[in-house]
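# An overview of the molecular structure
Single-letter residue listing:
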Amino acid sequence: MELNKLLKAIAVALPLMALGACSSTSESGTDATEGVGSSTSSSGSVTGGVETGSASQMLTPEEQQRQKEQELRREHVIYFDFDRSEVQPEFLEIIQAHGNYLVENPNVRVLIEGHADERGTPEYNIALGERRAKAVAKFLQSMGVLPGQMSIVSYGEEKPLDLSRTDDGFAKNRRAVLVY
């Protein structure tokens, strides 16, 4: 609570300090603000010296976190290493953002698709895709997402994103996708 009070006090004080910093002192007959936030016409005179507009509203830490999670939820793909089904650390924030959303919205359901690249047998890749989807579901469930909110399906190698047969292409195909 103290942090919120401090942030609100700062939010009130900042615009006042900015106004105080805008003085109209001049040096040797020229305006010290010339060229800063103003434009000069072809005759050399300053037109406007003050920019107008509204200051952006300061967000509370809770609003900032909500906004960050909203940005993270735009990403729906979790990538995996070759022949692995462990969630990599760089994707934890994305999954956490989806998990928080699902916990806050228990009526929302998500389908988690598991995918593999084409290396390996079709049967093996179906099983690998399932393990990848289950790894994401397990993480979400550990956050409090209800099992009834999640469904999983494995497509194995059947729905590749990239058909290039390069290392980069294979990497794009090793994934789990959250579909709302």
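Our structure is the block above this text.
Anyway, here's the lowdown on the structure attached to this text. In this text the structure is predicted, and so the values were computed from the model without any measurement.

Interaxial distance between helix H2 (residues 61-73) and helix H3 (residues 92-104) falls to 8 Å at its minimum, and their mutual angle equals 110 degrees. Comparing their axes, H3 and H2 come out roughly perpendicular. Residues Lys68, Glu69, Leu72 and Arg73 of H2 touch H3, and the partners they reach there are Glu93, Ile94, Ala97, His98, Asn100 and Tyr101. Here the contact of H2 with H3 is composed, by residue class, of four nonpolar, two polar and four charged.

Let us now look at the sheet that holds strand S5 (residues 77-79). With respect to topology, four strands assemble into an open sheet ordered S5-S8-S6-S7, the strand pairing being mixed. Either end of the sheet is taken by a strand with one partner, and the two such strands are S5 and strand S7 (150-156). Each strand of the sheet is rotated relative to its neighbour by a mean of 20 degrees, with strand direction disregarded. Judged from the six bridges that link them, strand S6 (residues 110-115) and S7 form a sheet pairing that is parallel.

Before going further, it helps to examine the environment of Asp162. Here Asp162 shows up in the loop between S7 and helix H5 (167-173). By relative accessible area, which is 17% here, Asp162 ends up buried. For the pair formed by Asp162 and Asp117, sequence separation is 45 residues and the distance between their alpha carbons is 9.2 Å. Each residue touching Asp162, except ones within four places of it in the same chain, is listed here: Gly169, Lys172 and Asn173. Polar contacts involving the side chain of Asp162 include one to the side chain of Ser164, which spans 2.6 Å.

Now for the nonpolar core. Looking at soluble globular proteins, one finds that nonpolar side chains tend to be buried together. Ranked by internal contacts, the top residues of the largest apolar core, which has 19 residues, are Ile78, Ile112, Val136, Leu140, Met150 and Leu178. Every element with two or more residues in this core is listed here: H3, S6, helix H4 (122-142) and strand S8 (175-179). Beyond its immediate chain neighbours, meaning those up to four positions away, Leu140 contacts Ile95, His98, Gly99, Leu102, Ile112, Val145, Met150 and Leu178.

Where charged atoms from two side chains of opposite charge come close, those side chains can pair. Enumeration over the complete set of coordinates arrives at eight salt bridges. The salt bridge partner of Arg119 is Asp117, with a shortest N-O separation of 2.9 Å. We classify Arg119 as partly exposed; its relative accessible area is 31%. For Glu130, the salt bridge goes to Lys134, with nearest N and O atoms at 3.1 Å. Residue Glu130 and its partner Lys134 are both found in helix H4; the two are separated by four residues, about one turn of the helix. Residue Glu130 is classed as partly exposed on the basis of its relative accessible area, which comes to 33%. Ionic contacts of the salt-bridge type, sharing partners, join the residues Asp117, Arg119 and Arg174 into one network.

Cut-offs and rules
Residues numbered from 1 in each chain as written. Predicted model: local features only at pLDDT ≥ 70, side-chain atom pairs only at ≥ 80, totals over all residues. Heavy atoms only, no water. Axes fitted to C-alpha atoms, helices over the stretch in contact; angles between N-to-C directions. Helix = DSSP H or I, 4+ residues; strand = E, 2+ residues; numbered from the N terminus. Parallel < 35°, antiparallel > 145°, perpendicular 65-115°, else oblique. Contact = heavy atoms within 4.5 Å. Nonpolar A, V, L, I, M, F, W, Y, C, P; charged D, E, K, R; others polar. Pairing = 2+ DSSP bridges. Buried < 20%, exposed > 50% of the residue type's maximum accessible area, 1.4 Å probe, protein only. Polar contact = N/O pair within 3.5 Å; in protein donor to acceptor, adjacent residues only side chain to side chain. Core = buried A, V, L, I, M, F, W, Y, C linked by side-chain atoms within 4.5 Å. Salt bridge = Lys/Arg side-chain N within 4 Å of Asp/Glu carboxyl O.

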